[in-house]
Structure formats: C-alpha cells, structure tokens
Amino acid sequence: MHRKPHLPQKCCQRCGRPFAWRKKWARVWDAVLYCSERCRRQCNRPPSPGAPP
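Values in this document were obtained by computation on a predicted structure and should not be read as measured data. (Residues numbered from 1 in each chain as written. Predicted model: local features only at pLDDT ≥ 70, side-chain atom pairs only at ≥ 80, totals over all residues. Heavy atoms only, no water.)

Comments concerning the overall build of the chain
When its secondary structure is counted, the chain shows 1 helix and 2 strands. A buried classification covers 19% of the 53 residues belonging to the chain. Long-range contacts, defined here as pairs at least 24 residues apart, represent 22% of the contacts in the chain between residues at least 6 apart. Carbon together with sulfur atoms contributes 52% to the accessible area of the chain, which is approximately 4800 Å² in total. (Helix = DSSP H or I, 4+ residues; strand = E, 2+ residues; numbered from the N terminus. Buried < 20%, exposed > 50% of the residue type's maximum accessible area, 1.4 Å probe, protein only. Contact = heavy atoms within 4.5 Å. Areas by Shrake-Rupley, 256 points an atom, 1.4 Å probe, with all protein chains shown as cover.)

Set out below in structure tokens:
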C-alpha cells in the first residue's frame, strides 16, 4: 500500500499544524500558506490560545 511518505510538508501560518503537498497545489505550492479554507478565511483574526506562536 502506498502511504505517500515522501511528499513535502509545510506548517500552516494560522494554526501551526503540518500539512502535506496535494496534487491540486502542484502549480502554486510556493504560494500555499494555510492548511485549509477555514484557516485561510480566519487569517486576519488572532490565533486561538492553544496554537503555537
């Protein structure tokens, strides 16, 4: 079974969680900053108290 261990990862600028490369981000991987739509929408709000700096 293929588990995709070799894909690049980044940390979300909003929540700090790591997220992996996706095929739909192939052309814009350098511009991807957030792990999800939710984090992207909340990018101007202060991070939650439990999030890392």
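Moving on from the coordinates now.
Describing the state of the cysteines
Tallied over the entire structure, the rule returns 0 disulfides. Looking at Cys15, it has no disulfide partner, and the nearest cysteine sulfur is the one in Cys12, 3.7 Å off. A relative accessible area of 18% places Cys15 in the buried class. The thiol sulfur of Cys39 is not disulfide-bonded, and the nearest other cysteine sulfur, from Cys35, lies at 3.7 Å. (Disulfide = S-S within 2.5 Å.)

Brief notes about the pattern of salt bridges
Under the defined criterion, the tally for this structure stands at 2 salt bridges. Notably, a salt bridge pairs Arg40 with Glu37, separated by 2.7 Å at the nearest N-O pair. Linking Arg40 with Glu37, this pair stays in helix α1 (residues 37-41), spanning 3 residues, or about one helical turn. Accessibility expressed as a relative area gives 41% for Glu37, which makes it partly exposed. (Salt bridge = Lys/Arg side-chain N within 4 Å of Asp/Glu carboxyl O.)

Quick notes on the packing of aromatic side chains
A full pass over the atoms with the stated rule returns 3 aromatic pairs. With a centroid separation of 5.6 Å and 80 degrees between ring planes, the pair formed by Phe19 and Trp25 is classed as edge-to-face. Since its relative accessible area comes to 13%, Trp25 is described here as buried. For the pair Phe19 and Trp29, a centre-to-centre distance of 6.0 Å together with 70 degrees between the ring planes defines the contact as edge-to-face. You can see Phe19 sitting in strand β2 (residues 18-20) and its partner Trp29 sitting in the loop between β2 and α1, a full 10 residues away along the chain. By relative accessible area, Trp29 is classed as buried at 12%. Over the face of the ring belonging to Trp29 we find Lys10, whose NZ or CZ atom lies 4.6 Å from the ring centre. (Phe/Tyr/Trp six-rings, centres within 6.5 Å; stacked < 30°, edge-to-face > 60°. Lys NZ or Arg CZ within 6 Å of the ring centre and 35° of its normal.)

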